[in-house]
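Each chain is listed here by its residues.
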Amino acid sequence: MTDGIVLVAINPYDQLPIYGEEVIDAYSGQDMADIEPHIFSVAEEAYRTMTREEKNQSIIISGESGSGKTVSAKFTMRYFAVVGGAAQQTSVEERVLASNPIMESIGNAKTTRNDNSSRFGKYIEIGFGRKGDIIAANMRTYLLEKSRVVFQASAERNYHIFYQLCASRELPEMRSLKLGVQPDQQMELFRILAAVLHLGNVNIQADDRSLAVFSKLLGVEVSQMAHWLCHRRLAVGGEMLVKPMSGQQSLEARDALAKHIYGQLFTWTVHRLNSALRTQGHVFHLEQEEYVREELAWSRIEFSDNQQCINLIEGQLGVFDLLDEECRMPKGSEESWSRKLYDQHLTSKPHPHFRKPRMSNSAFIILHFADMVQYECEGFLNKNRDTVFEELINILKASQSELVAELFQQQGNVSSVANGSIRSGKRAHREHKLTVGFQFRQSLQMLMDALNSTTPHYVRCIKPNDLKEPFMFDPKRTVQQLRACGVLETIRISAAGYPSRWTYEEFFCRYRVLLRGPQSQEHAQASCRQALPELIQDPDQYCFGKTKVFFRAGQVALLERLRAERLRVAAVIIQSRVRGWLARIRYSRICWATVTIQRYCRGALARRLALTLRYTKAVLVIQKTYRMVMVRQLFLVIRQATITIQAFTRGTLTRRRYRLLLAERAAVLLQTRVRGWLARQAYMRVHAAVVFMQCCVRRRAARRELLKLKTEARSVERFRELNKGMEVKLMQLQLRADQEARESATLRETLRAEREAFTAELETLRTTIQKLECQKYEKPPCPVISEKEVEEKRRAEEKAAQEILHLTHEVEALQREKDTFNKDREDLSARLLEQEKVQEECVRQAVFQASAALRAELDEERRKYQGLLREFTRLEQRYDNLREMSLLTERTKGHRRTDSTQSLSFEPLSAPTPPSPQSLAPLSLSPLPSAFPSVEEVHRDIVTSPCLERTVSLGRFETPMDQLMERMDVAKDPAVKMTGEDLAHAYDAVRVANKLLESQLRSQCSQREEELEALRCQLSQAISGSSSSAAQRQELQELLEAREQECVRLRRELKELRKTVTLRRLLTQVLPSALTTESSSPSRQKPATVTGLLECRKRDETRLIKNLITDVRVDSALSLPPGLPASVLFLCVRQADCSGDQARARSLCSAAVTAMKAALKKHNNDVDMTTLWLKNACLLHDLLNQHSPKQTLNSEDQVPLTTDLSDLIRALSDLCIQAYQQLLSITETRLQNIIVPAMLESETIPGLSGAAAKLVGSRKRTGSDPRTVGGDAHTMASVLRELGALHTALSHQALPQTLMEQAFHQLIYLISASALNSLLLRKDMCCWSRGMQIRYNVSLLEEWLRSRGLQAGGTVATLEPLIQAVQLLQAGKKTEADAQALSQTCTALSSQQIVKILTLYSPHSDLDERVTLNFIRTVQGLLKGRSDGQPPQLLMDVRRVFPVTFPYLPPPILHAEQLVIPDSLKISFLRRA
């Protein structure tokens, strides 16, 4: 039954035949007052109001458990699906109805009142199109009852899904679960549910089988899960403590984990359903306040208001507020909470709805609207906190199961947890937890906001009896429910009320055709008041308010009938007028055609006369032009001759004038030099005279001063007698000064002798170097040849002479045959050319196919390897957990404290560093690959090599003999045949010579160091004992340092030359046959020294890495020149390598790689910083690869590195790929949520959708616009802004153009695939006007790519599927020719995609038509014969990743003088070398 406002639905507990399609057809389009009360009548009223008034509507279904709310919601959605989808249901409507069984399976359970009770709140949004059809849906859930997972009351059960799993445990595909799964995402969901079941069987006191099964199902470590179920981590004073928990606490942690896993799974399922479906006051107040506001003659009906009870529960200092405050207290308890409730609501401010039980101090009573309820305080705090420890969440994040990792990785990206709080050991996170009470208030507020924005319709479900018996009615129980939900007061209000109401403006706009007299929007109220008495005779059936006019039931239907009749009469009048207008138009066209024919005849005669006149004029113009050309040619010849004569004449005069100017300038220059010399001579003479005069004057003044001093000295003889002892001291000082002067002279002589010795040694070394260089270019002496070898040589010469004679005769015979074959060659040349063309075409096709296959295989290998890198990044989290677990096991015994810096700071392992004994335990648990390279790793190195320009020869490998020859720098000559034994002897000889040279060099170096140390000591003693000035000491020190550097350089050069000469000499002795090849190919000359480097001392390496990479600020890093950190690091590594310290070079390079990895992890959300480190990693990789010993040097100024850094070069290549993937991941995350709104939904062309909407007239009902109102809509500007930010960052770092093309190729593919997939799933997008909008958006994207030069590399080609889909929407779809054109044009789309778009195509106007079924079958028949190699799936793979290839661009030679190092880096401690 219905009371006009609320529909009362009684659950019959049986199936009734009143919900079929014939009933739906009976209620469709009917007025609510004209038909019997039904759930379909409420749905029809809401549907009609939405389509007529274009306002959002809501249907609120409420009632007790078991009263039929879920079934009523099903029937409502079924009604919308049938009415909105006409006779057939669309894909969205099918998904809306199909989502109910899934939600009931994971969200419904059996209770004492209902066998299928929903244990969560549900709010479903259904979006309708312009024609009233369902185009999208969304579902929101509120407060899932997670406690039912671990506890059920008596006679109640857990959620249905667990019993369904247990019932199917004997199926073959479910046995591997111990309940069973298959490797599919749907079966992954069952695996998680089975794991929750096994988690409930875990016994904390013993190591049972259930925990192992639980860990295996979720793909986590058993030891970690067992440890953190029994322990917790606390942060005390900046230190981390691990504390064991009691048995009860462990059980609570287990139950909390089970509830949290189920809550996350429930939320994930709702999101997946929403992704498949997508593309608020009290009733009494609403009714009575409306009458009072409009000042109607209305006697207000009193009813019981429940606002005070709501304020008691949710208001300030209410039950929930005090409960959250108690949960935030460190030692909060239920007793303290109950005392606060008593003090607040009984003592200080007594509340009428709050009471205290007489015999209990841990309970309270609330007087609700329906009844009085007593609540026990025990367990409120724990249920309100709903705490899960962070360590357990981290274990689940590192799970091997992709679905489990996705569940909890997505949780980490959300700012607030919707179904519980995660408890961490850090105090900083405690303030951000959400309690269950806060979630309840927040969810209720969101629901009320959504309902307040709509027009509500109410359905009250009534439970007829508590025994769930069919057709059994309990009057007392029913009246109790009606009184509890306030239906009786609603009936009293509705009986005397006006169910229909219109504002004067809306009434005027709707029924203006029924009004008479002058009509204007400003006088709408007066017009309504004047016209209504004429339309409705009974004045009691309507009432006028201040802003609205109110009608009783049935009056709106009467007005609608009058309006329809008036519109029908107007349509007849319009038809008559239009037909008369069409007749007049036809007559005017006939008149116009007659006049046009006459005009064309007269025009033809006039054109014939004009053509004759034009020919006559053309003849005259040709004659005139010919005469003008002849005269002009004669004029040009004369003019050219004149100009030539003038040029030669002027040139002669100019050269003569130039020679005169040169002579004059030379004379002036001689005069200047002579006069300057004379002036300087005069100045020198004057200067000498002035100086001589000053000397004379000063000498005279000094003599006078001396006489004066002598006079004063005679007068002070008595002072000398008093200080006779001072003279003795002066004498002693004088003697000591003389002795030190003699010692200083001796030291100078010693220093001069040492300098002469060093000079002699330097000359000796230079002489030795010159001799070695001469020996290097001279032909080595021929070894002693025995008689046997002479005899063999003579025989070989005789045999060669015979062969030469024989070849001479053959050449003569061939010369004779040549003349014979010339004629045949001319005849066969044509056929040979044709055959060559055919063969070349075949070879070209074969080569193209082979290269395409090889390229595809290479791309597949790159894709697999880069996928392994992404998997390795995910496994690093698991490795951190394992390492932390092992450290806790080794260092934490009982409750001993662990240093926070030791437990939280770990350096990542580097591949080239050997494992230490202390790190064996973590490495044994790590999933990292072995240190020994396998065949797959060698193949990976070949595939992932950045040098694309090099030709990779598959199936050809160098033999050990070739490697030995390449190592010895011996040229390979096919004519020279050397055995492996000879090469082995040569290699042994070279190795012995190297050892000898190394021992000699070490002895010489130690001897030189001792001599330098002795000389340094002598020089320091001489400087300390001498009385020379500070300038002399500084000069001697600089001279000594210069000599030391010179000696070091000469020793390095001598070492290289000795090594080269000795190696060549040994090779020539062992392999005399290689002399010809070696003499023919000059050896590569290496420079004697390398300058322009930077020296970093061993103690400054950590500072360098810290200031240059680890601690560099973002603003400072972005202001640096591109690649500056990599250049500085390479110069430091190069200096360490040149100085012979290979260990320091490797350690510095390894530390740089590790620091770059840490910097990438630190800035994992910053595009600019990720681009910066990508540039530095690529540049450092290219520099090391350019100077690698295995690399062919292109310049003589380049010196290869002596240190083998191949493993670090490989690590840098992996780091480049990791940085590239991180950069794309950041941009894809930003683009993910704006692609579909920008490409498909944005109205870039203004007025196109509005014009299309005006043509919709085929159906009376028009749906509301489904687009979201309010908020900033995403447009193409947002997409181009994100792409522009990435392009700016890449351009700022000067990355290669090919790398930028690959990055934008990946991003454009993501945009195209996401937009096309959404287009294939949304029916409202498949129309002509929307295709025009999408094509314009795609053109904006293409123009942006071309303006930045990114159209190469297949970037624009990735948009071809989307462009062809849009063309398919805009093309004709009627005839067979249109079908053939579509099949030939849409080559980038698969057959399924073409058929899907044609099926979803919906016309937006009467001028357009739907695609017929025959046309679709014709297209399918044409597409069957096409073998385009398209994949069979409907949707494009959005997760497809194109392999990246880094181009090898050899950088220019670096020098320290070229680098501009800012002071902000604080690396001034580096010295130039």
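Residues numbered from 1 in each chain as written. Predicted model: local features only at pLDDT ≥ 70, side-chain atom pairs only at ≥ 80, totals over all residues. Heavy atoms only, no water.

## Observations concerning the overall build of the chain
Piece 1. Tallying secondary structure elements over the chain gives 47 helices and 19 strands in all.
Piece 2. Across the 1473 residues that make up the chain, the buried fraction comes to 37%.
Piece 3. Summing over all exposed atoms, the chain offers an accessible surface of approximately 88,500 Å²; the carbon and sulfur share of this is 56%. (Helix = DSSP H or I, 4+ residues; strand = E, 2+ residues; numbered from the N terminus. Buried < 20%, exposed > 50% of the residue type's maximum accessible area, 1.4 Å probe, protein only. Areas by Shrake-Rupley, 256 points an atom, 1.4 Å probe, with all protein chains shown as cover.)

## Details of unusual backbone geometry
Piece 1. The phi torsion at Tyr13 lies on the positive side, around 55°, for a residue other than glycine.
Piece 2. Structurally, the position occupied by Tyr13 is in the loop between strand E1 (6-10) and helix H1 (21-27).
Piece 3. Of note in this structure, Leu317 is not a glycine but carries a positive phi near 60°.
Piece 4. Turning to its location among the elements, Leu317 is positioned in the loop between helix H11 (307-314) and helix H12 (319-328).
Piece 5. Accessibility expressed as a relative area gives 35% for Leu317, which makes it partly exposed.

## Regarding the pattern of salt bridges
Piece 1. Throughout the structure, instances matching the rule amount to 24 salt bridges.
Piece 2. Across the pair Glu565 and Arg568 runs a salt bridge, and its minimum N-O distance is 2.8 Å. Taken together, the residues Glu565 and Arg568, both in helix H22 (residues 555-714) and three residues apart, mark about one turn of the helix.
Piece 3. Taking the relative accessible area as the measure of exposure, Glu565 reaches 41% and is therefore partly exposed.
Piece 4. Glu1342 serves as the salt-bridge partner of Arg1335, at 3.8 Å between the closest nitrogen and oxygen. (Salt bridge = Lys/Arg side-chain N within 4 Å of Asp/Glu carboxyl O.)

## Structural notes on the sheet that holds strand E16 (residues 542-544)
Piece 1. Taken in spatial order, the three strands of this open sheet run E15-E17-E16, and their pairing is antiparallel. Looking at the sheet topology across the chains shown, the edges are occupied by strand E15 (500-503) and E16. Mean inter-strand twist for the sheet, computed between neighbouring axes without regard to direction, equals 20°.
Piece 2. Sheet topology note: the E16/strand E17 (residues 548-551) ladder contains three bridges and is antiparallel. In the strand pairing of E17, Cys543 is matched with Phe550. (Pairing = 2+ DSSP bridges. Axes fitted to C-alpha atoms, helices over the stretch in contact; angles between N-to-C directions.)

## Comments concerning the side chain of Ser1242
Piece 1. Assignment of secondary structure puts Ser1242 in the loop between helix H39 (1235-1241) and helix H40 (1248-1254).
Piece 2. Filtering out sequence-adjacent residues up to four positions away, Ser1242 remains in contact with Pro1237, His1274, Thr1275, Arg1330, Gln1333 and Asn1337. (Contact = heavy atoms within 4.5 Å.)

## Brief notes about the confidence of the model for the chain
Piece 1. Averaged over the chain, the pLDDT score is 75; the fraction of residues at 70 or greater is 73%.
Piece 2. Contacts from residues 175-183, a stretch scored under 50 in pLDDT, to residues over four places away or in other chains number 30 contacts.
Piece 3. Low confidence marks residues 280-284, where pLDDT is under 50. Its contacts with residues over four positions away, or in another chain, come to 21 contacts. (pLDDT = per-residue confidence, 0-100.)

## A look at the nonpolar core
A general tendency of soluble globular proteins is for nonpolar side chains to be buried together.
Piece 1. Core analysis: the largest hydrophobic core is formed by 126 residues, its most contacted members being Leu1104, Ile1109, Val1128 and Leu1283.
Piece 2. Broken down by element, this core gets its largest block of residues, 14 residues, from helix H42 (residues 1297-1321).
Piece 3. Those residues in contact with Val1128, other than ones at most four positions away along the chain, are Leu1094, Leu1104, Leu1108, Leu1459, Ile1461, Ile1467 and Leu1470.
Piece 4. One finds Met187, Val202, Leu218 and Ile261 within the second-largest nonpolar core, a separate group that totals 53 residues. (Core = buried A, V, L, I, M, F, W, Y, C linked by side-chain atoms within 4.5 Å.)

## Some thoughts on a nonpolar patch on the surface
Piece 1. Together, Ile574, Val578, Trp581 and Leu582 line one region of the surface with nonpolar side chains, adding up to about 400 Å² of accessible area.
Piece 2. By secondary structure assignment, the location of Trp581 is in helix H22. (Patch = residues over 30% accessible without salt bridge, like charges linked within 9 Å, V, L, I, M, F, W, Y side chains within 5 Å.)

## Regarding helix H36 (residues 1142-1162)
Piece 1. In this model, H36 (21 residues) spans 30 Å end to end at C-alpha, consistent with the 30 Å of a helix rising 1.5 Å per residue.
Piece 2. Within H36 the residues assigned to the buried category are Arg1144, Ala1145, Leu1148, Cys1149, Ser1150, Ala1152, Val1153, Thr1154, Ala1155, Met1156, Ala1159 and Leu1160.
Piece 3. In this structure, the buried side of H36 is in contact with helix H33 (1101-1110), helix H35 (1124-1138), helix H37 (1167-1186) and helix H38 (1206-1232). (Expected span 1.5 Å × (residues − 1).)

## Some words on the packing of helix H43 (residues 1328-1347) against helix H44 (residues 1360-1370)
Piece 1. Contact geometry for H43 and H44: axes closest at 8 Å, N-to-C directions at 150°. On the basis of the axis angle, H43 is roughly antiparallel to H44. As H43 runs across H44, the sense of the crossing is left-handed. From H43, Trp1328, Gly1331, Met1332, Ile1334, Arg1335, Val1338 and Glu1342 reach across to H44, where they touch Leu1362, Ile1363, Val1366, Leu1369 and Gln1370.
Piece 2. Here the contact of H43 with H44 is composed, by residue class, of eight nonpolar, two polar and two charged. (Parallel < 35°, antiparallel > 145°, perpendicular 65-115°, else oblique. Left-handed = near helix turned anticlockwise from the far one by under 90°. Nonpolar A, V, L, I, M, F, W, Y, C, P; charged D, E, K, R; others polar.)

## Some remarks on helix H47 (residues 1413-1424)
Piece 1. Between its terminal C-alpha atoms H47 stretches 17 Å, which fits the 16 Å expected from twelve residues at 1.5 Å a residue.
Piece 2. Here H47 has its buried residues at Phe1415, Ile1416, Val1419 and Leu1423. Buried residues along H47 cover an arc of 100° about the axis, so they all sit on one side. Those residues of H47 that are exposed and angled more than 90 degrees off the buried face are Leu1413, Asn1414, Arg1417 and Lys1424.
Piece 3. On its buried side, H47 packs onto helix H45 (1376-1385) and helix H46 (1391-1400). (Arc of directions from axis to C-beta.)

## Some words on the sheet that holds strand E11 (residues 372-376)
Piece 1. Read from one edge to the other, the open sheet built from three strands follows the order E9-E10-E11, with strand pairing classed as antiparallel. Strand pairing shows two members of the sheet lacking a second neighbour, strand E9 (354-355) and E11, which therefore form its edges.
Piece 2. As paired elements, strand E10 (residues 363-367) and E11 share five bridges and run antiparallel to each other. Opposite Ala363, over in E11, you have Glu376 as the bridge partner.

## So, the packing of aromatic side chains
Piece 1. All chains considered together, the criterion is met by 21 aromatic pairs.
Piece 2. A ring pair is formed by Phe507 and Tyr511, whose centres lie 5.0 Å apart and whose planes are at 50°; its orientation type is tilted.
Piece 3. The exposure class assigned to Phe507 is buried, which follows from its relative accessible area of 1%.
Piece 4. With a centroid separation of 5.1 Å and 90° between ring planes, the pair formed by Tyr1309 and Phe1442 is classed as edge-to-face. Note that Tyr1309 is positioned in helix H42 and Phe1442 in the loop between H47 and strand E19 (1471-1472), a separation of 133 residues in sequence. In this pair, the class of Tyr1309 matches that of Phe1442, namely buried.
Piece 5. Taken together, Tyr19, Tyr27, Phe40, Tyr47, Phe75, Tyr79, Phe80 and Phe128 form an aromatic cluster joined through their ring pairs.
Piece 6. One residue, Lys1373, lies across the ring of Tyr1401, its end atom 4.3 Å from the ring centre. (Phe/Tyr/Trp six-rings, centres within 6.5 Å; stacked < 30°, edge-to-face > 60°. Lys NZ or Arg CZ within 6 Å of the ring centre and 35° of its normal.)

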